[in-house]
Amino acid sequence: MSNRKPYVREMKRTWWKDSSFYRFYMIREATVLPLIFFTICLTFGLGSLVKGPEAWQSWLNFMANPVVILLNILALAGSLFHAFTYFNMMPQVMPIRIKGKKLDKKIIILAQWAVVAVITLFVLAIV
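Residues numbered from 1 in each chain as written. Predicted model: local features only at pLDDT ≥ 70, side-chain atom pairs only at ≥ 80, totals over all residues. Heavy atoms only, no water.

Undergrad: Even after reading the chapter, I still don't get unusual backbone geometry, so can you show me in this structure?
TA: Glycine aside, a negative phi is what most residues show, and trans is what most peptide bonds show. If you check the backbone angles, K99 has positive phi at about 55° while not being a glycine. Tracing the backbone through its elements, the reader meets K99 in the loop between β1 (97-98) and β2 (101-102). (Helix = DSSP H or I, 4+ residues; strand = E, 2+ residues; numbered from the N terminus.)

This is the structure in structure tokens:
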């Protein structure tokens, strides 16, 4: 047995700031924070809808607050940014082959955005 201490590399809390790759990664992952607020708001909205018209109206008044509107816009922007980065990395993570040939990356990315647009239009048509 040796009496030497094992080497433990010091890890600063700001280790991710030194690399542009990790900064981008941390920003991408931070987009979840406004989405958490949005999810909580929707959950309370469903609860107030069940409680009755007074609770529903108070939730609507809360949602009309400019700060809440700003946070919801940030949540939408974060969600779109997250989708954009996910769609761009998808052809690298899961390349699609048709008859032995790789499908062009642009086609895969545009197909994903087309699906998002179709689903959005479908939901808007229902509502």
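Undergrad: Quick question: what am I supposed to make of the layout of surface pockets here?
TA: In this approach, a probe sized like a water molecule rolls over the atoms, and the result shows the empty space that is left. Put simply, the largest pocket is a space of about 170 Å³. Forming the walls of the largest pocket are L35, F38, N72, A75, L76, S79, L80, A83, W113 and V116. Elements that contribute at least two residues to the lining of the largest pocket include exactly α2 (32-51), α4 (66-93) and α5 (105-126). Residues belonging to the lining of the largest pocket are distributed by class as follows: eight nonpolar, two polar and no charged. (1 Å grid on protein atoms, 1.4 Å probe; cavity = no way out; pocket = protein on both sides within 12 Å on 5 of 7 lines; lining within 4 Å. Points joined across faces, edges and corners; volume = space filled by probe spheres on them. Nonpolar A, V, L, I, M, F, W, Y, C, P; charged D, E, K, R; others polar.)

Undergrad: It is not clear to me how the packing of aromatic side chains should be interpreted in this structure. Could you clarify?
TA: Note on aromatic pairs: each is described by the distance of the centres and the angle between the planes. Overall, the coordinates contain six aromatic pairs when judged by the stated rule. Between F21 and Y22, the ring centres sit 5.4 Å apart and the planes meet at 75°, which makes this aromatic pair edge-to-face. Among the residues examined, F21 registers a relative accessible area of 59% and is labelled exposed. For Y22, a relative accessible area of 38% translates into the label partly exposed. (Phe/Tyr/Trp six-rings, centres within 6.5 Å; stacked < 30°, edge-to-face > 60°. Buried < 20%, exposed > 50% of the residue type's maximum accessible area, 1.4 Å probe, protein only.)

Undergrad: Looking at this structure, how should I read the packing of α2 against helix α3 (residues 53-63)?
TA: Axis angle and axis distance: for two packed helices, these are the angle between their axes and the distance between the axes, and together they describe the pair. For the pair α2 and α3, interaxial distance at closest approach is 7 Å and the crossing angle is 155°. When the interaxial angle is binned, α2 and α3 end up roughly antiparallel. Residues F37, C41, F44, G45, S48, L49 and K51 of α2 touch α3, and the partners they reach there are A55, W56, W59, F62 and M63. Within the contact of α2 with α3, the residues separate by chemical class into nine nonpolar, two polar and one charged. (Axes fitted to C-alpha atoms, helices over the stretch in contact; angles between N-to-C directions. Parallel < 35°, antiparallel > 145°, perpendicular 65-115°, else oblique. Contact = heavy atoms within 4.5 Å.)

Undergrad: How should I be thinking about the UniProt feature "transmembrane region" (unreviewed entry) in the chain in this particular structure?
TA: Annotation from UniProt places "transmembrane region" (unreviewed entry) at residues 21-47, 67-87 and 107-126. A helix fraction of 96% and a strand fraction of 0% characterise residues 21-47, whose end C-alpha atoms lie 41 Å from each other. Split by type, residues 67-87 is 100% helix and 0% strand. Its first and last C-alpha atoms lie 30 Å apart. (UniProt positions renumbered as here; feature names shortened; annotations may be inferred.)

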